[in-house]
Amino acid sequence: MSSKDYIKWIRELVGHDRIILNFAGGCVFNENGEILLQKRSDVGKWGFPGGAMELGESAEETAIREFKEETGLTVKAEKLIGVYSNYFSENPNGDKTQSIVIAFELTVTGGKLLCDNNETLELKYFPLEDVPELFCKQHCDILDDIRNKRYGVYR
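No experiment lies behind these values; they were computed from the predicted model shown. For every chain, the first residue of its written sequence is number 1, and the numbers climb from 1 along that sequence. Totals for whole chains, interfaces and linings use every residue, but because this is a predicted model, local features are given only for residues with pLDDT of at least 70 and side-chain atom pairs only at 80 or more, for both listing and counting. Hydrogens and water are ignored here; the side-chain numbers use all heavy atoms of the structure.

A. The nonpolar core, seen in detail. Definition of nonpolar core: a set of buried residues of the types Ala, Val, Leu, Ile, Met, Phe, Trp, Tyr and Cys, connected through side-chain atoms within 4.5 Å. Three labels apply to residues, based on accessible area from a 1.4 Å probe with only protein chains included: buried if under 20% of the type maximum, exposed if over 50%, partly exposed otherwise in between. Formed by 18 residues in total, the largest nonpolar core has its most connected members in Leu 37 and Phe 48. Contact definition: two residues touch when any of their heavy atoms are within 4.5 Å. Setting aside residues no more than four positions away along its own chain, Leu 37 makes contact with Trp 46, Gly 47, Phe 48, Glu 122, Leu 123, Lys 124, Phe 126, Val 131, Pro 132 and Leu 134. Counting residues in each nonpolar core, the second largest holds 12 residues, with Ala 59, Phe 67, Ile 102 and Leu 106 among its members.

B. Broad picture of helix α1 (residues 3–14). Each helix is a run of H or I in the DSSP string that is no shorter than four residues. Each strand is a run of E no shorter than two, and both are numbered from the N terminus. Under the convention used throughout, the expected extent of a helix is 1.5 Å for every residue step, that is, one less than its residue count. With 12 residues, α1 should cover 16 Å at 1.5 Å per step; its first-to-last C-alpha distance of 16 Å lies within 8% of that length. Where the residues of α1 are buried, they touch β1 (19–28), β4 (50–52) and β6 (96–111). At the C-terminal side of α1, Gly 15 shows a positive phi close to 65°.

C. Just the pattern of salt bridges, in detail. The working definition used for a salt bridge is a side-chain nitrogen of Lys or Arg within 4 Å of a carboxyl oxygen of Asp or Glu. Counted according to the given criterion, the structure contains 13 salt bridges. Ionic pairing is found between Arg 11 and Asp 95, a salt bridge with its closest N-O pair at 3.4 Å. Placement of the pair is Arg 11 in helix α1 and Asp 95 in the loop between β5 (73–90) and β6, with a sequence separation of 84 residues. The pair formed by Arg 11 and Asp 95 is uniform in burial state, with each residue classed as buried. Among the charged side chains, a network of salt bridges with common partners joins Lys 137, Asp 141, Asp 144, Asp 145, Arg 150 and Arg 155.

Here you go:
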């Protein structure tokens, strides 16, 4: 069962009530120390590549899979940036969630940047001091921890 099937199944049971969803992703740096961001097709704003965990998948496996799907890059996890768990949102369709994001610093081991225009409208590296507005508070907190070289964060 994919994460979309799982989320659909859960939503059929609980409707729009608040549920906990687990996500994993993170950041990669290029040779100039810039971070890769993804302009998301769902909200049209920037964020870190990543996505929902599938049943039977670890957070590291999720981050690696999602990076490949959303960026075309093959990556490996190097460091845990943090676990970000106290964030609440409501989707335009009324679905309410508390999302938990497990964020890694990742290293590119292969692949080539690829925008699929399905989930990803644009991919671009940005200097840490010149990042566009990110789509949610959770990603802003991850960016703040990256800028301040904090690892193993939990909130």
